[in-house]
Amino acid sequence: MTAIKLRNFHTDDLRFLTDLRNDIATQHLLMAHPKTSSSPEEVREWVSRRENEAHGLFRIISKPQGPAVGFVQVHNVHRLDRVGHLGIALAMSERGCGLGRAALDLAIERCQSELNLRKIMLFVRADNLPALRLYARQDFEKIGVLRRHYCETPERVHDVVLMERLLEGPQA
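Because the structure is a prediction, the values reported are computed rather than measured.

> I'd like a description of the overall build of the chain, backed by residues and values.
A count of helical and extended segments in the chain gives five helices and seven strands. The secondary structure elements of the chain, listed N-terminal to C-terminal, are β-α-α-α-β-β-β-α-β-α-β-β. Relative to the compact-globule value of 16 Å for 172 residues, the chain shows a C-alpha radius of gyration of 16 Å, a close match. The principal-axis extent of the C-alpha atoms belonging to the chain is close to 45 × 40 × 30 Å. Counting the 172 residues in the chain, one finds 46% classified as buried. In the structure as shown, the chain presents an accessible area of about 9300 Å², 50% of it carried by carbon and sulfur atoms.

> An account of the pairing of strand β6 (residues 141–153) is requested, with residue identities and associated values reported.
Pairing analysis gives eight bridges linking β6 to strand β7 (residues 156–166), with the strands arranged antiparallel. Across the sheet, residue L146 finds its bridge partner in β7, namely V160. Adjacent in sequence and paired antiparallel, β6 and β7 are bridged by two residues.

> Go over the environment of V145, please, and point to the residues and values.
With respect to the helices, strands and loops of the structure, V145 is situated in strand β6. Between the C-alpha atoms of V145 and V161, which are 16 residues apart in sequence, the distance is 4.5 Å. Beyond its immediate stretch of four places on either side in the chain, V145 contacts D159, V160 and V161.

> Break down helix α4 (residues 99–113) for me, citing the residues and quoting the values.
For α4, built from 15 residues, the straight-helix expectation of 21 Å at 1.5 Å per residue is met to within 8% by its first-to-last C-alpha distance of 21 Å. Every buried residue of α4 is accounted for by L99, G100, A102, A103, L104, A107, I108, R110 and C111.

> Which residues make up the pattern of salt bridges, and what are the values?
For the structure shown, the criterion picks out eleven salt bridges. Among the ionic pairs, R110 bridges to E114, the shortest N-O distance being 3.3 Å. A relative accessible area of 43% means that E114 is categorised as partly exposed.

> Outline the packing of aromatic side chains, listing residues and values.
Going through the model one piece at a time under the given rule, you end up with four aromatic pairs. One aromatic cluster is present, formed by W46, F58 and F71 through successive ring pairs. Taking NZ or CZ as reference, R21 lies 4.2 Å from the ring centre of W46, over its face.

> Explain the nonpolar core residue by residue, including any values.
Ranked by internal contacts, the top residues of the largest apolar core, which has 31 residues, are I61, L86, Y135 and F140. Per element, the largest residue contribution to this core is seven residues, and it comes from α4. Of all hydrophobic cores here, the second largest spans 14 residues; its members include V43, V47, A89 and A91.

> Report on the sheet that holds strand β1 (residues 5–7), specifying residues and quantitative values.
In any sheet, the strands associate via hydrogen bonds between backbone groups, in a parallel or an antiparallel arrangement. Sheet architecture is open: seven strands sit in the order β1-β2-β3-β4-β5-β7-β6, paired in mixed fashion. Strands with a single pairing partner mark the edges of an open sheet, and in this sheet they are β1 and β6. Here the strands of the sheet are splayed against their neighbours by 30° on average, with no regard to which way each runs. Docked against the sheet, helix α1 (residues 14–21) engages β2 (57–62), β3 (68–78) and β4 (83–90), running at close to 75° with respect to β3. α4 contacts β1, β2, β3, β4, β5 (119–125) and β7 of the sheet and is inclined by roughly 155° relative to β4.

Quick notes on the rules
- For every chain, the first residue of its written sequence is number 1, and the numbers climb from 1 along that sequence.
- Where totals are concerned, whole chains, interfaces and linings use all residues; where local detail is concerned, this predicted model gives features only for residues with pLDDT of at least 70, and gives and counts side-chain atom pairs only at 80 or more.
- Think of the side-chain values as coming from all heavy atoms in the structure, minus any hydrogens and water.
- Strands here mean DSSP runs of E at least two residues long; helices mean DSSP runs of H or I at least four residues long; both are numbered from the N terminus.
- Using C-alpha atoms as the atom set, the radius of gyration is obtained and then compared with a globule rule of 2.2 Å times the number of residues to the power 0.38.
- Accessible area is worked out with a 1.4 Å probe on protein chains only. A residue is then buried under 20% of its type maximum, exposed over 50%, and partly exposed in between.
- Accessibility throughout is a Shrake-Rupley quantity obtained with a 1.4 Å probe, and a residue counts as covered only by protein chains that appear here.
- Strand pairing is assigned whenever DSSP identifies at least 2 bridges connecting the two strands.
- Every residue pair with non-hydrogen atoms within 4.5 Å of one another is taken to be in contact.
- Between the first and last residue of a helix there are one fewer steps than residues, each counted as 1.5 Å, and that sum is the expected span.
- A pair is scored as a salt bridge if a Lys or Arg side-chain nitrogen falls within 4 Å of a carboxyl oxygen belonging to Asp or Glu.
- Side-chain rings of Phe, Tyr and Trp (the six-membered ring for Trp) are treated as a pair once their centres are within 6.5 Å; stacked means planes under 30 degrees apart, edge-to-face means over 60, and tilted covers the remaining angles.
- We count a charge as sitting over a ring when the NZ of a lysine or the CZ of an arginine lies within 6 Å of the ring centre and within 35 degrees of the ring normal.
- We call a set of buried Ala, Val, Leu, Ile, Met, Phe, Trp, Tyr and Cys residues a nonpolar core when their side-chain atoms join them within 4.5 Å.
- Note on definitions: angles span 0 to 180 degrees between N-to-C directions of axes, and those axes are lines fitted to C-alpha atoms, for helices only across the stretch in contact.

Here's what the structure looks like:
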């Protein structure tokens, strides 16, 4: 398996995250509604909101002793239901070499050990076949499709797949 780690944000990650937030193609795959550009200050504010979200998780994906290559976030955590929404973003240059799977494995473990979740949910664009394959291989099940849900442009509207994974262990 590819060696990576999930770590807290460091100030030297700001340039990478700013570049990632300004990568319009990646932002559309993440179903964000990107602005023309985000400043480092705006990205720092975004990171701060993610880090301070009650019961959530925001971690930088990096290779051991290496720079940031992406991030993992668990947000919209409902503490009574013990359900959270997962998101993973990797730099385009880092996709397809096992980093996503390694990050997903670690994120699932953190969802159990740190957040005590019993279920993880996620949304993925229906045309993002590599992500759909990754999640299916990691035991996420397709729950349904939200038809014409994400509007990239008025002419490009995408279906979105809702997936979930029940977590094993005593809390499930």
